[in-house]
Protein chains: 2
Amino acid sequence: MNALADQPALTRSVEDYLKAIYRLSPEGRPASTSEIANLLELSAPSVSGMVKRLSELGLLEHVPYKGVQLTEAGRLAALRMVRRHRLIEAYLVQFLGYSWDTVHPEAERLEHAVSDTLVERMAAALGHPAADPHGDPIPEADGSIREPASIPLSDLPVGETAAIVRVNESEPERLRYLASLGLTPGAVVTLCDRQPFGGPVTVDAGGERHVLGHPLADVVLCGTAHHG
Amino acid sequence: MNALADQPALTRSVEDYLKAIYRLSPEGRPASTSEIANLLELSAPSVSGMVKRLSELGLLEHVPYKGVQLTEAGRLAALRMVRRHRLIEAYLVQFLGYSWDTVHPEAERLEHAVSDTLVERMAAALGHPAADPHGDPIPEADGSIREPASIPLSDLPVGETAAIVRVNESEPERLRYLASLGLTPGAVVTLCDRQPFGGPVTVDAGGERHVLGHPLADVVLCGTAHHG
DNA sequence: CTCGATATTTAGGCAGGCCTAAATCCGAGT
DNA sequence: ACTCGGATTTAGGCCTGCCTAAATATCGAG
């Protein structure tokens, strides 16, 4: 058990690469060098070089000119970082006064420094939450993760009521704006109107009506617990 | 104000060197290359090279073959790390179930990763403590630090009663032993007997009598609030 | 004052991780 | 089938930060 703990020590860089590749390959689809370079804000040759080392370490498989895929070891190492990151975010918000729009950079640094012990103590202090402040699901210590089914607010049928389960956004500005509208995980909203051709969406949240641009409505994910 | 915050970004290595040199030069006495190498468990040539870089960065002054001394900038950077370390230790013990003998390595890693914001939030959550769990004084955010006067338990006059203010020990084993005897900061003890020539010391702590070897009694520091 | 032990520095090397410039591959369009 | 542009990899370089081996400075003892 606890497949995410006590793994060989990896450098911060390696941890970041693995996390990035994990993010870029949701269901095993290979990630390209340039996608990784783009996400990590590094040059493509740097990624190429690191990819070679990581494949020699057995953390990923690389088909030259095609892309990379995490091995099981790589996926577990990545999930370990994701678990850390999300638990740290939850802890900082719950206990140290961080808000969901400022917590990311702090977690980004801490995730490389905390011990497995500390992570599990934070998890316990939080009561082993299932998701972080953005609604992103927290992988279990054994490496399992369950992504709740959801649909973007922009796809919710008009007239339908649903709970927000997740907000897929990282820009602080947008997060603050969404929070100011009450559009945070747990909030119950009703879709009142949708304009065609990617037009805005009108939503009722806590008795107030708001008009949201389509791109913004797209990152607000609603639960699909259909009537029961 | 807040001289300890918002300083130029230093690497983990540099931060560790500065902290080590600070520890080795209590009142400005120069620290030698080998002392630093010893404390950081590095080779002397490694230290020599780093010292050159640090002096070029203006963080210390180096008289070749004589020793190094922190500049004001270096002292502030070191104090910043000390503040972080001690606040983190206090926080982990108070809120996350760490004990004083296990908290050091965790703090050692976190001190390089936390932001100034997080440190200050932890300080606030703790109520701005003056000392960490070992009684080591926590530098203020402005860089000031006050070391309370104290004498080793081994030097306490026989018959005298005093409060333990600090325990200058880092080995977990010894810390656990001292804690098991109730010899932790805040405890009030009376020196019952001392054998000559560096012999053991008998101390009353919370109604129980314990015999302590001289080296151990030496790291237990007692307050010198003489009858008043 | 000189010698030798010890501390320190210099010289040279290596790994991690990043970069730019140059070579190479791939695949789309004709 | 060929070619051209974009993606990718290779080549080569730099900085940090560590190492060992060798040179050099210092200091105490005789």
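Rules behind the numbers
- Residues numbered from 1 in each chain as written.
- Chains lettered and ligands numbered in written order.
- Predicted model: local features only at pLDDT ≥ 70, side-chain atom pairs only at ≥ 80, totals over all residues.
- Pairing = 2+ DSSP bridges.
- Helix = DSSP H or I, 4+ residues; strand = E, 2+ residues; numbered from the N terminus.
- Axes fitted to C-alpha atoms, helices over the stretch in contact; angles between N-to-C directions.
- Near = placed C-beta within 6 Å.
- Nonpolar A, V, L, I, M, F, W, Y, C, P; charged D, E, K, R; others polar.
- Least-squares fit on C-alpha atoms with pLDDT ≥ 70 in both.
- Contact = placed C-beta atoms within 7 Å.
- Core = buried A, V, L, I, M, F, W, Y, C linked by C-beta atoms within 7 Å.
- Buried ≥ 20, exposed ≤ 12 C-beta atoms within 10 Å, placed from the backbone.

**Q** In this structure, what is going on with the sheet that holds strand β4 (residues 161-167) of chain A? I would like to understand it.
**A** In any sheet, the strands associate via hydrogen bonds between backbone groups, in a parallel or an antiparallel arrangement. Residues and elements named next belong to chain A. If you walk across this open sheet you meet the 6 strands as β3-β8-β4-β5-β6-β7, and the pairing is antiparallel. Of all the strands in the sheet, just β3 (150-152) and β7 (208-212) have a single pairing partner and so form its edges. Pairs of neighbouring strands in the sheet enclose a mean axial angle of 45 degrees, with direction left out of account. For strand β5 (residues 188-194) and strand β6 (residues 201-205), the ladder comprises 5 bridges, and the chain directions are antiparallel. In the strand pairing of β6, L191 is matched with V203.

**Q** For this particular structure, what's the right way to read the protein's contact with DNA strand C?
**A** Lining the immediate environment of DNA strand C, one finds 20 residues, of which T11 and S46 of chain A together with S32, S34 and P45 of chain B sit closest. Listed by contribution, the elements that provide at least two residues to the surface near DNA strand C are α1 (12-24) and α3 (44-56) of chain A together with α2 (33-40) and α3 (44-56) of chain B. Tallying contributions element by element places α3 of chain B first for the surface near DNA strand C, with 5 residues. Classifying every residue of the surface near DNA strand C gives 10 nonpolar, 10 polar and no charged.

**Q** Any chance you could explain the relation of the copies chain A and chain B here in plain terms?
**A** Superposing chain A onto chain B takes a rotation of 180 degrees combined with a translation of 0.0 Å along the rotation axis, leaving an RMSD of 0.1 Å. Considering both components of the superposition, the chain copies are consistent with a two-fold axis. Counting the interface residues of chain A, we find that 100% of their copies in chain B are interface residues as well, pointing to one common contact surface.

**Q** Explanation requested: the nonpolar core in the structure shown.
**A** Within soluble globular proteins, side chains that are nonpolar generally end up buried alongside one another. Counting 38 residues, the largest nonpolar core has L87, I88, L153, I164, V189, V220 and C222 of chain B as the members making the most contacts within it. A per-element tally of this core places helix α4 (residues 72-95) of chain B first, with 5 residues. Other than its neighbours up to four places away in sequence, C222 of chain B contacts S150, I151, L153, L156, A162, A163, I164 and V165 of chain B. Residues V103, L110, A123 and A205 of chain A belong to the second largest nonpolar core, which totals 37 residues.

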